[in-house]
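# An overview of the molecular structure
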Amino acid sequence: MTFTIMCPYCRFEHAVQHPGGYLPIYADCPNCGNRFVVEPERHGVTTYTLEDAPCCSDPECREIEMGASDND
Ligand SMILES: [Zn+2]
């Protein structure tokens, strides 16, 4: 599915593709080039800068915490 999100760094609004469900993913802003976290929620979507993302919302941090990925 596609979300329209706003870059947490430069506020540039653009669309990102998400595979579905509530897993957080990384997105790269086409305007400023920064990477950030996009996490779908029940009522929309939340974005975090990498500095602000809690571990449970950081795709890499989740992988480390959960050990082997079961999403592949
Ligand atoms: Zn940006």
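Report on the accompanying structure. Keep in mind it's a predicted model, so treat the numbers as computed, not measured.

Parameters at a glance
- Residues numbered from 1 in each chain as written.
- Predicted model: local features only at pLDDT ≥ 70, side-chain atom pairs only at ≥ 80, totals over all residues.
- Helix = DSSP H or I, 4+ residues; strand = E, 2+ residues; numbered from the N terminus.
- Rg over C-alpha atoms; globule rule 2.2 N^0.38 Å.
- Core = buried A, V, L, I, M, F, W, Y, C linked by C-beta atoms within 7 Å.
- Buried ≥ 20, exposed ≤ 12 C-beta atoms within 10 Å, placed from the backbone.
- Contact = placed C-beta atoms within 7 Å.
- Pairing = 2+ DSSP bridges.
- Axes fitted to C-alpha atoms, helices over the stretch in contact; angles between N-to-C directions.

### Some remarks on the overall build of the chain
- Within the chain one finds one helix and five strands.
- Scanning the chain from its N terminus toward the C terminus, one meets helices and strands in the order β-β-β-β-β-α.
- For a compact globule of 72 residues, the expected C-alpha radius of gyration is about 11 Å, and the chain comes in at 12 Å, within 12% of that figure.
- Oriented by its inertia axes, the alpha-carbon framework of the chain measures out at about 35 × 25 × 20 Å.

### Describing the nonpolar core
- Formed by Ile5, Cys7, Ala27, Cys29, Phe36, Val37, Val38 and Ala53, the largest nonpolar core amounts to eight residues.
- A per-element tally of this core places strand E4 (residues 35-41) first, with three residues.
- Apart from residues lying up to four places away in sequence, valine 37 is in contact with Pro24, Tyr26, Thr47, Tyr48, Leu50, Ala53, Ser57 and Asp58.

### Focus: the environment of isoleucine 25
- Tracing the backbone shows isoleucine 25 in strand E3 (residues 25-28).
- Once the C-alpha coordinates of isoleucine 25 and glutamate 65 are considered, the two residues, 40 residues apart in sequence, prove to be 16 Å apart.
- If near-sequence neighbours (up to four positions away) are discounted, isoleucine 25 is found in contact with His18, Val38 and Pro59.

### Here's the deal with the sheet that holds E4
- Pairing is antiparallel in the open sheet, where three strands are placed in the order E3-E4-E5. Bordering the open sheet on either side are E3 and strand E5 (44-49), each of which pairs with just one other strand. Going from strand to strand, the sheet's axes swing by 40° on average, the running direction of each strand aside.
- For E3 and E4, the ladder comprises four bridges, and the chain directions are antiparallel. Its bridge partner being in E4, tyrosine 26 is matched across the sheet by valine 37.

### A word on the pairing of E4
- Where E3 hands over to E4, the hairpin turn is made up of six residues, of which glycine 33 adopts a positive phi near 80°.
- The sheet contact formed by E4 and E5 spans six bridges and is antiparallel. Within the sheet, the bridge partner assigned to glutamate 41 lies in E5 and is glycine 44.

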